[in-house]
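Summary of structural features
Each chain, letter by letter, is given below.
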Amino acid sequence: MTPPTPREDAALAACLLAVDPRGLGGAVLRARPGVERDRWLSLLQSLLPSGTALRRLPPGVADDALLGGLDLTATLASGRPVQRAGLLEASADGVLVMPMAERLTRPTAARLNAGQERHGYAMLALDEGLEEDEAPPPALLDRLAFCPDLSEPPAPAPHDAAAIAAARARLPGVDSPEPIIEAILATAMAAGILSLRAPALALRAARAAAALGGRDAPSAEDATLAVRLVLGPRATVLPELPPEQEAPPPPPEEPDAERPDDATDPAQRGQMEDVVQEAREVPLPAQLLASLAAATLRLRAPSSGRTGAERISLKRGRPVGSRPGEPRNGARIALLDTLRAAAPWQRLRPAPPRARVAVRREDFRIRRFREHSESTAIFVVDASGSAALHRLAEAKGAVEMLLAECYARRDRVGVIAFRGAAAETLLAPTHSLVRAKRALAGLPGGGASPLASGLDAALAMARLEKRAGRTPLIVTLTDGRANMARDGSSGRAAAEADALAVAKLLRAEGHSVLIVDTAPRPQPFATTLAAEAGGRALVLPQARAEVLAGAVRQVMGA
């Protein structure tokens, strides 16, 4: 039997959604505007009951338009409060189409979800995001059953409108057998799907498929179709493969020739001279700083931040409603909201002599805006002797690549290096990436590794940036071999304890931290340090040409 194509699955999803739009919640269409998406929407509209309203959600819709509120014109004309319906209520039992759904904020998504439970409309999220992190809020996606593949136009519908209408009438009588429920739940668990709503949506899809087939209960084929359309796009893990033959035990470990003992380390014995190494190219993950900042924002606040911290402002940015307050210190009055606040009290207030509306101080509403705050990337580079012996050149290359990302994001950058007895600020935060590269290029390597001092300097710089209204992001490149404490004494245990103490301060103050392990072999202390700082650890990838060539030959079977 030939498996169905993505075009046929997209048409089947439209048919099932037309049978049970309220129960299945809707669909997310991740595609750019084009004939593929338009044909799928036309197909669904042709299968829905005649007269079903498809309303579009305006981008950046205000809460009063979404939820309804006081009709100012009717209220002032009648002298009594007159309420008007919002878009959610007007979409009851219909379909709400949401263009640019990837820009929806989490509060708006929460209101849409609450409105769906109350008014029973289906939602079509038109996701036009280009990047991986550009997607509608997860809480909204969780309620939408289907995510059809629209890389090409959908196939013609396998059922006509009359068959869909008959299935819609038959659906309430379709049963939900226990074996089907258990099979769907087991499949969801095997696919790594944690949401309980997903198997519930799959069961509803199986019942809709059974109704389309004229059956009183879902068959195995109906369950298979539901799993493919609903659970397939949500799967996070692959099914377990049969166990492979056990590999032979690894040979006994040989002494680590690349890691000199403390007793023979020339950097610790102070016999190593300073060396200057040129930057070397390394393959870092794309958009590393952006993903780190976005992940930090998601952990700290339920906002929709993607590439930078957002904050509420009274002067500039994207409008996000109003609040009671007086229009002073640069705050701008929200005229309509002020009139709406004053309208219900007109009958109780004396009429003003030369105005039709009596407005008092407590009626004032001021506008609120949400603006992106500027970010500052603080690079803390380990230039000790051990780092210079191993991968200081790669660390410089990594910083140069991250500087290019900072240039694209218009971030400020600061550079701190630590080696010898203390840390040194090579460059205060600036927009000049040329100066940052120049400071980094002349950085010599050698001496002990005062990691705690470097983190102390980064913490001080981060505090200043945060006080200035900017969002600091601390990127530390180290081989994790701290050997000098804050008080200048040598010893690995005291140095690591001091570094962990500073890391705890970074986490307590909520700074974003990335620890890049530049050691030839990953060091457990780098991971521990990142965990204590509440940040992320990254092992600097190996980028040697011979390694890459070997990998290519292995893939090609040479």
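None of the values given here were measured: they were computed from a predicted structure.

Moving on, we get to the overall build of the chain. The secondary structure content of the chain amounts to 21 helices and 17 strands. In the chain, which comprises 558 residues, the share counted as buried stands at 45%. Put simply, of all contacts in the chain between residues at least 6 apart along the chain, 77% involve residues at least 24 apart. Per element, the accessible surface of the chain, about 28,800 Å² overall, is 55% carbon and sulfur.

The strands making up a sheet associate through backbone hydrogen bonding, with each pair oriented either parallel or antiparallel. Taken in spatial order, the 6 strands line up as 13-12-11-15-16-17 in an open sheet, and their pairing is mixed. Only two strands of the sheet have a single partner each, and these edge strands are strand 13 (422–430) and strand 17 (536–539). For this sheet, the mean angle separating the axes of adjacent strands, direction not counted, is 15°. With 6 bridges connecting them, strand 15 (residues 471–478) and strand 16 (residues 512–517) associate as parallel partners. The residue of strand 16 that forms the bridge with Thr-476 is Ile-515.

This prediction gives the chain a mean pLDDT of 79; 79% of its residues lie at or above 70. Predicted confidence is poor over residues 282–288, with pLDDT under 50, and the contacts of this stretch with residues over four places away or in other chains come to 22 contacts. Taken as a whole, residues 296–308 scores under 50 in pLDDT and shows 28 contacts with residues more than four places along the chain or in a different chain.

Backbone geometry at Met-100 places phi at a positive 50°, although glycine is not the residue there. With a phi close to 55°, Asn-329 is a non-glycine residue in the positive phi region. Along the chain, the position of Asn-329 falls in the loop between strand 9 (318–324) and helix 14 (335–342).

It is worth spelling out the environment of Pro-58 at this point. Note that Pro-58 resides in the loop between strand 2 (54–56) and helix 4 (63–67). Through-space distance from the C-alpha of Pro-58 to that of Val-97 is 9.3 Å; in sequence the pair is 39 residues apart.

On to the nonpolar core, then. One finds Leu-16, Leu-17, Trp-40, Leu-124, Phe-146, Val-230 and Leu-231 to be the most contacted residues of the largest nonpolar core, which totals 55 residues. With 11 residues, the single largest contributor to this core is helix 11 (residues 197–212). Setting aside residues up to four positions removed in sequence, Leu-124 forms contacts with Leu-17, Ala-27, Trp-40, Leu-41, Leu-44, Val-95, Leu-96, Val-97 and Met-98. Membership of the second largest hydrophobic core comes to 25 residues, among which are Ala-458, Ala-499, Leu-529 and Ala-530.

Mapped onto the elements, Asp-20 comes out in the loop between helix 1 (6–19) and helix 2 (21–24). For Asp-20, a relative accessible area of 7% translates into the label buried. What Asp-20 contacts, discounting residues up to four positions off in sequence, is Leu-171 and Arg-204.

Looking now at helix 10 (residues 178–190). Counted at 1.5 Å a residue, the expected span for helix 10 with its 13 residues is 18 Å, and the 18 Å between its end C-alpha atoms agrees. Here helix 10 has its buried residues at Ile-180, Ile-184 and Ala-188. The arc that holds the buried residues of helix 10, viewed along the axis, is 70°, so those residues lie on one side. Exposed residues pointing more than 90 degrees away from the buried face of helix 10 are listed as Glu-178, Pro-179, Glu-182, Met-189 and Ala-190. Phi for Gly-192, located one or two positions after helix 10, is positive at around 75°.

Below, the discussion takes up the packing of helix 1 against helix 12 (residues 220–231). Axis separation between helix 1 and helix 12 bottoms out at 11 Å; the angle between their running directions is 100°. As the angle between them shows, helix 1 and helix 12 are arranged roughly perpendicular. Only Leu-225, Arg-228 and Leu-229 of helix 12 make contact with helix 1, whose side of the interface consists of Asp-9, Leu-12, Ala-13 and Leu-16. Across the contact of helix 1 with helix 12, the residue classes tally to 5 nonpolar, no polar and 2 charged.

What counts and what doesn't
Residues numbered from 1 in each chain as written. Predicted model: local features only at pLDDT ≥ 70, side-chain atom pairs only at ≥ 80, totals over all residues. Heavy atoms only, no water. Helix = DSSP H or I, 4+ residues; strand = E, 2+ residues; numbered from the N terminus. Buried < 20%, exposed > 50% of the residue type's maximum accessible area, 1.4 Å probe, protein only. Contact = heavy atoms within 4.5 Å. Areas by Shrake-Rupley, 256 points an atom, 1.4 Å probe, with all protein chains shown as cover. Pairing = 2+ DSSP bridges. Axes fitted to C-alpha atoms, helices over the stretch in contact; angles between N-to-C directions. pLDDT = per-residue confidence, 0-100. Core = buried A, V, L, I, M, F, W, Y, C linked by side-chain atoms within 4.5 Å. Expected span 1.5 Å × (residues − 1). Arc of directions from axis to C-beta. Parallel < 35°, antiparallel > 145°, perpendicular 65-115°, else oblique. Nonpolar A, V, L, I, M, F, W, Y, C, P; charged D, E, K, R; others polar.

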